[in-house]
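Here's the letter readout for the chains.
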Amino acid sequence: MSFSKFCANGRTLITYLLMGIWSAIAWLNPLGSVSAAATSLSAVDSFPANPVTVALQPKQNPGSAGNFVTTAVDLVGPSVVRLDTERTITRRDDPFFNDSLFREFFGPDVPVPQQEELLRGQGSGFIIDGDGLILTNAHVVSDADRVTVTLKDGRTFEGEVRGTDVVTDLAVVKIDDPGEQLPVAPLGDSSQVRVGDWAIAVGNPFGLDNTVTLGIISTLERSSSQVGIPDKRVDFLQTDAAINPGNSGGPLLNDRGQVIGINTAIRPNARGIGFAIPINKAKALTDVLARGETVTHPFIGIQMVTLTPDLARQNNQDRNSNLIVPEINGVLVMRVVRDSPAEAAKLRLGDAIVAVDGTPITTADQLQRIVENSGINRDLRLTVQRGPQTLELTVRTAQLSNTR
């Protein structure tokens, strides 16, 4: 046997002996084997350390605390309530009695038979303090004669509507003498919400109590006019989490189980689109509503649309148009409300508002926000383009009268 072959065989024999010793150590101390293996691999530049670390991590059980949806719902779910409402309305028993011939023959003072009808509704809400204050939507409890509050654990209470604001669609209900500790929902900060964040909707759609749906935040600051409800003054959070009738007033949560919005509106002609009032808006109004006070909403009294040069040209080239408007960017006045601040300020149909207090404006939403943030009895200086003229008009804001 040559010397080289002897050396080779010797190395092979030594290798086998070392492998046997290593196996014995590994069999006696498995944890020591993992530690040594990890150290060996991490010392080799061609093998990154992260895959080894990930491979050694235990797998999360989807139903364990590692599931953020479960954790969030466990935290907030007990504070979500069902609101059952009753309202009695009076109807005229027969449309015949409203007929003009009947009124002319019998006279306007003849008694007309009437019939009472009980209307029932249902929505959601959530408890925000231990004394039993509940946030919900105004349209859930407005004009209700009776509100019954049902907790997730089955307890029921009579609810008192403390205050409603139809313009923001917010309401506060107070549980009548809870007498015991109530679960409270933790409130988040909607100013920190970003597009793509998780969104968890909790509520009672179609009477299916304690329903949870999951999605993301699709858009921020979606104006009420874009949503299709121009009589409101809210910049909504848009989400693709399923929101159905009965979800109204329930909380929209982030992945930490904090309330970031109040589910309020759905688009009946669309799928996968829902809207929620940012919780910061509700925080700002809760105390006022809880005291039964009127929420301040300044207005000037115009109906308006965003004006662009293209839109103006299309209008001006239309032979059926009765209005010639400036081909500029601004806000076009479509109607001036009678006995409003705008009428007093001499605004007219067809005026194009291009600035407020010297600040240029280009959209109706921008003008709406300026008015909403201005306060009551505040003078606003409007720069208006009326045909070839540029005018400066001063309008004094007033309280919007349809708030209740």
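As a reminder, the structure under discussion sits directly above these lines.
Everything in this summary refers to the structure shown in the same document.

## With respect to unusual backbone geometry
Stage number 1. Not every positive phi belongs to a glycine, and D169 is a case in point at roughly 60°.
Stage number 2. Mapped onto the secondary structure, D169 falls in the loop between β5 (156-165) and β6 (170-175).
Stage number 3. Relative accessible area serves as the criterion here: at 7%, D169 is assigned to the buried category.
Stage number 4. Positive phi, close to 70°, is recorded for K346, a residue that is not glycine.
Stage number 5. What makes K346 exposed here is its relative accessible area of 57%.

## Digging into the pattern of salt bridges
Stage number 1. In the structure shown here, the tally under the stated rule is 15 salt bridges.
Stage number 2. One salt bridge in this structure joins E158 and R146, with 2.9 Å as the shortest N-O distance. Pair noted here: E158 is in strand β5 and R146 is in strand β4 (residues 146-150), with a separation of 12 residues, a long-range link.
Stage number 3. Here E158 falls in the partly exposed class, since its relative accessible area comes to 34%.
Stage number 4. Given a relative accessible area of 40%, R146 falls into the partly exposed group.
Stage number 5. Between R386 and D351 there is a salt bridge whose closest N-O contact spans 2.8 Å. With a gap of 35 residues between them, R386 in strand β18 (residues 379-386) and D351 in the loop between α10 (341-344) and β16 (352-356) connect regions that are remote in the sequence. For the pair R386 and D351, a shared accessibility class is recorded, and that class is buried.

Conventions used here
Residues numbered from 1 in each chain as written. Predicted model: local features only at pLDDT ≥ 70, side-chain atom pairs only at ≥ 80, totals over all residues. Heavy atoms only, no water. Helix = DSSP H or I, 4+ residues; strand = E, 2+ residues; numbered from the N terminus. Buried < 20%, exposed > 50% of the residue type's maximum accessible area, 1.4 Å probe, protein only. Salt bridge = Lys/Arg side-chain N within 4 Å of Asp/Glu carboxyl O.

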